[in-house]
Amino acid sequence: MKKVLLNFLALGLGLGAITLQANAQFVSHLQNPVDYVNPLMGTDSKFELSNGNTYPAIGMPWGMNMWTPQTGEMGSGWQYTYGADKIRGFKQTHQPSPWMNDYGQFAIMPTTGGVKVDQKARASWFSHKAETVKPYYYKVFLADANVTTELTPTERTAQFQITYPKSDSAALVIDAFDKGSYIKVIPAERKIVGYTSRYSRGKLKNFKNYFVIYLDKPFDFSQLYDNETLTDEKSLKADHVLAVIGFKTTQGEKIHARVASSFISEAQAELNLKREQGSKGFDQMVTEGRKIWNDKLGRIKAEGGTVDQTRTFYSCLYRMMFFPNKLYEINAEGKPVHWSPYTGEVKPGYMFGGTGFWDTFRALYPFLSLAFPDVNKEMQQGLINDYKEGGWLPEWSSPGYSNIMLGQNSASVVAGAYLKGIRGYDINTLYDAVVHGAHSKGPEASGRVGFEDYDKYGYVPSDTKAGHSVARTLEYAYDDYAIYRLGKALGKPKAETDLYRKRALNYKHVFDASTNFMRGKNTDGSFIADFDPYSWSRDFIEGNSWHYTWSVFQDVQGLIDLMGAINSLSRNWILSFLHRRYLQLPAINPVG
């Protein structure tokens, strides 16, 4: 793979002319792009405003698991917010968005000063001044506990290095979270095993995230809790299970915890730990993780910009390398296998999850095809397994079907990969999958809601139960274009591809020439009354007609013709930027 070289001064970051301060520092020779990543960017967020909505993800590119310091309450999608001043635990996470929330999560938290299992009681004050955050490494001083916690990950494991003070009551809390969990403590092996079955979206079958934890110090005592109630058990299954492992520590004593997990079994978690960590020391894992990130980020070499521009670029690039994340694992024979969210069984092959195509088809997948075609090839192979095991391609997988957002944008993701040159997988099965999805409604927003009316009228009517009628119509028309392009490239019968070529023009049915806007239309062919292009009404989703009128990636000239003249298009385009506080215009034609 050749590196892509970007020059900020030439490209202007794609944002037009940039005014640079005379004394700004420039990055003219990039050596370690990971040093420009700021994982805290976007974490100054909250539910009420929904800004930023990121968390410091400590993990490997597309890794099965990530880790994050947890400042939010158990179960909160806002699991880390910059304005918080207490950490409740260090959580394994698979969360793509606070609105989607998490699944398969559990947390580890060191404490001193007596047993503290409750998430508020064990929480410790921290300062960002005593926090080091890298994609491959995290360190923080927990002031209340007088403990320094460090962690470094691999794709399916992590190692903690915890520095305790002199204490007769040092402890490590393992929180398997609620909604069904299990922990067993094996002191003779310095080992804790368990699982969490917590998830937030869809209807999962036989879901468990199994974990194994090895410590390098003998246990002075161990306790298991059913929520906050102490038991005398050494293994416990309940709604919310926690474990406490106690030690006596000397000043500055370092205790290491090796952690691995698996969606398949406890034995597979052990295998993941052996394969990805073995006997590696903490510092060695940090060094290896840093190298992996530098290699991946280095696929795109951005030079010529200011330090701040370079930080922004690589911080955003870092975010593009987490989702969809790997759900597959490597078995004892060295072959990829996965737990299927559709059947609950262990199946062969690749699988990915944690992405919504409505959010990502315009930019993320074209980027993957350009910069990481090898990764996108695995993702396409994973989509084949989604279809075979579930019957439809997932439009939002977290980790299986999720009932959120709209469109059949899997068609764009599938077509875009093939048309951009990715080969070596069963593209004909994926073609069958997108055609099937175009004429059916699957579980949890897969397929097409309202496909019967769309097939009948050429648009989704506003006065039906489907909802978001204009948004669906425009999405489906573009998806039909993607199917047409893919079918044509595969040499499918002309009568078949012509059908989708014709349907790609269905956007015209919801264009109102009297206003030059996309507008809801009823089953009788009349446009809805009381139309307001600024309204986030029932006919759109997360936007209004000012946004969606431009959603004709497949036929820009056709949109110009509908508007009557290029001057009319220019007028509306200019007005859209004058009213930019309402807008976020999409990119053009990610398939072509």
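Position labels on residues start from 1 in each chain and follow its written sequence. Only residues with pLDDT of 70 or above have their local features reported here, since the model is predicted, and side-chain atom pairs are shown and tallied only from 80 upward, although totals for entire chains, interfaces and linings are computed over all residues. Values shown for side chains rest on all heavy atoms present in the structure; no hydrogens or waters enter the calculation.

I'd like a rundown of the nonpolar core, residues and numbers included.
Joining through side-chain atoms within 4.5 Å is the link that ties buried Ala, Val, Leu, Ile, Met, Phe, Trp, Tyr and Cys residues into a set, and such a set is a nonpolar core. Exposed residues in this analysis have more than 50% of their type's maximum accessible area, buried residues have under 20%, and partly exposed residues fall in between, with area computed by a 1.4 Å probe over protein chains only. Core analysis: the biggest nonpolar cluster contains 114 residues, and Phe90, Phe160, Ile183, Ile213, Leu215, Trp293 and Leu297 have the highest contact counts within it. Put simply, DSSP H or I for four residues or longer makes a helix, DSSP E for two residues or longer makes a strand, and each gets a number counted from the N terminus. Among the elements that take part in this core, helix H10 (residues 427-438) stands out by supplying 7 residues, more than any other. Residue contacts are defined here by distance: any two heavy atoms, one from each residue, within 4.5 Å place the two residues in contact. For Leu215, the contacting residues outside a window of four places in its chain are Leu172, Arg190, Ile192, Ile245, Phe247, His256 and Ala257. The next biggest cluster of nonpolar side chains, apart from the first, holds 26 residues, and it includes Tyr454, Ala477, Phe511 and Val552.

Would you mind going over unusual backbone geometry in detail, with residue names and values included?
The omega angle of the peptide bond from Phe323 to Pro324 is 0°, so this bond is cis rather than trans. Residue placement: Pro324 occurs in the loop between helix H5 (307-319) and strand S22 (325-326). Geometrically, the link from Ser398 to Pro399 is a cis peptide bond, its omega value of -5° lying close to zero. Counting through the fold element by element, Pro399 comes out in the loop between strand S28 (396-397) and helix H9 (410-419).

Tell me what's going on with the packing of helix H12 (residues 469-489) against helix H13 (residues 494-503), and back it up with residues and numbers.
What counts as an axis is a line fitted to C-alpha atoms, over the stretch in contact for a helix, and the angles between N-to-C directions run from 0 to 180 degrees. Contact geometry for H12 and H13: axes closest at 7 Å, N-to-C directions at 150°. In terms of their interaxial angle, H12 and H13 are classed as roughly antiparallel. Our pair here, H12 against H13, has a crossing hand that is left-handed. Of the residues in H13, those in contact with Ala477, Asp480, Tyr481, Ile483, Tyr484, Gly487 and Lys488 of H12 are Thr497, Tyr500, Arg501 and Arg503. Looking at the contact of H12 with H13, its residues break down into 5 nonpolar, 2 polar and 4 charged. Here the word oblique covers every angle except those under 35 degrees (roughly parallel), over 145 (roughly antiparallel) and from 65 to 115 (roughly perpendicular). Helix crossings fall into two classes, left-handed where the near helix is turned counterclockwise from the far one by less than a right angle and right-handed where it is turned clockwise. Gly counts as polar in this scheme, as do all residues outside two lists: the nonpolar Ala, Val, Leu, Ile, Met, Phe, Trp, Tyr, Cys and Pro, and the charged Asp, Glu, Lys and Arg.

Residue-level account of the packing of aromatic side chains, with values.
Under the pairing criterion, centres of Phe, Tyr and Trp rings, with the six-membered ring standing for Trp, must be within 6.5 Å; the plane angle then separates stacked pairs below 30 degrees from edge-to-face pairs above 60, leaving the rest tilted. This model, assessed by the stated rule, comprises 39 aromatic pairs. Their ring planes at 40° and their centres at 6.0 Å tell us that Tyr534 and Trp546 sit as a pair that is tilted. In this pair, Tyr534 sits in the loop between strand S30 (517-518) and helix H14 (545-548) while Trp546 sits in helix H14, placing the two residues 12 residues apart along the sequence. Note on Trp546: relative accessible area 5%, which makes it buried. An aromatic cluster of three or more residues is present, and its members are Trp67, Phe90, Phe106, Tyr138, Phe160 and Phe211. Two limits define a charge over a ring: the Lys NZ or Arg CZ must be within 6 Å of the ring centre, and within 35 degrees of the ring normal. The ring of Tyr328 carries Arg156 above its face, with NZ or CZ at 5.5 Å from the centroid.

Run through H9, naming residues and quoting values.
The element H9 is largely enclosed, with a buried count of 9 among its 10 residues. Buried within H9 are the following residues: Ser410, Ala411, Ser412, Val413, Val414, Ala415, Gly416, Ala417 and Tyr418. The inward-facing, buried residues of H9 abut helix H6 (357-360), helix H7 (364-371), helix H8 (373-390), H10 and H12.

Now, about the pattern of salt bridges: what can you tell me, with residues and values included?
Close approach of charged atoms allows side chains with opposite charge to pair. What makes a salt bridge here is a side-chain nitrogen of Lys or Arg within 4 Å of a carboxyl oxygen of Asp or Glu, nothing more. All told, the structure shown has 23 salt bridges when counted by the stated rule. Of the charged contacts in the structure, one is a salt bridge between Lys347 and Glu345, with a shortest N-O distance of 3.2 Å. For Arg519, the salt bridge identified is with Asp512, shortest N-O distance 2.7 Å. Here Arg519 and Asp512 have matching classes, each one buried. One salt-bridge network, in which partners are shared between bridges, spans Glu155, Arg156, Glu276 and Lys326.

Describe in detail the environment of Lys129, supporting the description with residues and values.
Position of Lys129 relative to the elements: it lies in the loop between strand S7 (124-125) and strand S8 (131-134). Sequence separation of Lys129 and Phe141 is 12 residues, and the distance between their C-alpha atoms is 9.3 Å.

Hey, could you go over the sheet that holds strand S19 (residues 241-249) for me, with residue numbers and the actual values?
One open sheet holds the 8 strands; their spatial order is S2-S3-S5-S6-S12-S19-S16-S17, and the pairing between them is antiparallel. Of all the strands in the sheet, just strand S2 (58-59) and strand S17 (229-231) have a single pairing partner and so form its edges. Strands are treated as partners if at least two bridges between them are detected by DSSP. Here strand S3 (residues 66-70) pairs with strand S5 (residues 89-93) via 5 bridges, running antiparallel. Paired with Trp67 across the strands is Gln92, a residue of S5.

Residue-level account of H5, with values.
The span you would expect from a helix comes to 1.5 Å times its residue count less one. Between its terminal C-alpha atoms H5 stretches 18 Å, which fits the 18 Å expected from 13 residues at 1.5 Å a residue. Those residues of H5 that fall on the buried side of the exposure criterion are Val307, Gln309, Thr310, Phe313, Tyr314, Ser315, Leu317 and Tyr318.

An account of the sheet that holds strand S23 (residues 328-330) is needed here, citing residue identities and associated values.
Spatially, the 3 strands line up as an open sheet ordered S23-S24-S25, and their pairing is antiparallel. The open sheet terminates on both sides in strands that have one partner only, identified here as S23 and strand S25 (346-348). Between one strand axis and the next, the sheet turns by 40° as a mean value, whatever way the strands run.

Any details on the pairing of strand S12 (residues 167-175)? Residues and values, ideally.
Counting buried residues along S12, 7 of its 9 residues qualify, which places the element largely inside the surrounding structure. Here 5 bridges tie strand S6 (residues 106-111) to S12, and the two strands are oriented antiparallel to one another. Opposite Ile108, over in S12, you have Ile174 as the bridge partner. Pairing between S12 and S19: 7 bridges, direction antiparallel. Each bridged residue has a counterpart across the sheet, and for Ala170 the counterpart in S19 is Phe247.

Kindly report on the pairing of strand S14 (residues 191-196), identifying the contributing residues and their values.
Along S14, 6 of the 6 residues are buried, which leaves the element largely enclosed by surrounding structure. A two-sided burial pattern is seen for S14, the buried positions comprising Lys191, Val193 and Tyr195 on one face and Ile192, Gly194 and Thr196 on the other. Hairpin remark: strand S13 (residues 181-186) followed by S14, antiparallel, with 4 residues in the connecting loop; positive phi at Arg190, about 50°.

I'd like to hear about the packing of H9 against H10, residue by residue, with values.
Relative to each other, H9 and H10 sit at 155°, their axes nearing to 10 Å. Comparing the axis directions of H9 and H10 gives the class roughly antiparallel. Crossing of H9 against H10: the hand is left-handed. In this structure, H9 uses Ser410, Ala411, Val414 and Tyr418 to contact H10, whose residues at the interface are Ile427, Leu430 and Val434. Class assignment of the residues belonging to the contact of H9 with H10 gives a composition of 6 nonpolar, 1 polar and no charged.

Break down the side chain of Gln408 for me, citing the residues and quoting the values.
Looking at the secondary structure, you find Gln408 in the loop between S28 and H9. By relative accessible area, which is 1% here, Gln408 ends up buried. Identification of polar contacts relies on pairs of N or O atoms within 3.5 Å, with a donor-acceptor requirement for protein atoms, meaning one able to donate a hydrogen and the other able to accept it, and with residues adjacent in sequence counted only if both atoms are side-chain atoms. A polar contact of 2.8 Å, which involves the side chain of Gln408, links it to the side chain of Arg448. Not counting the four nearest positions on each side in its chain, Gln408 is found in contact with Glu395, Val434, Gly437, Ala438, Gly447, Arg448, Tyr476, Asp479 and Ile483.

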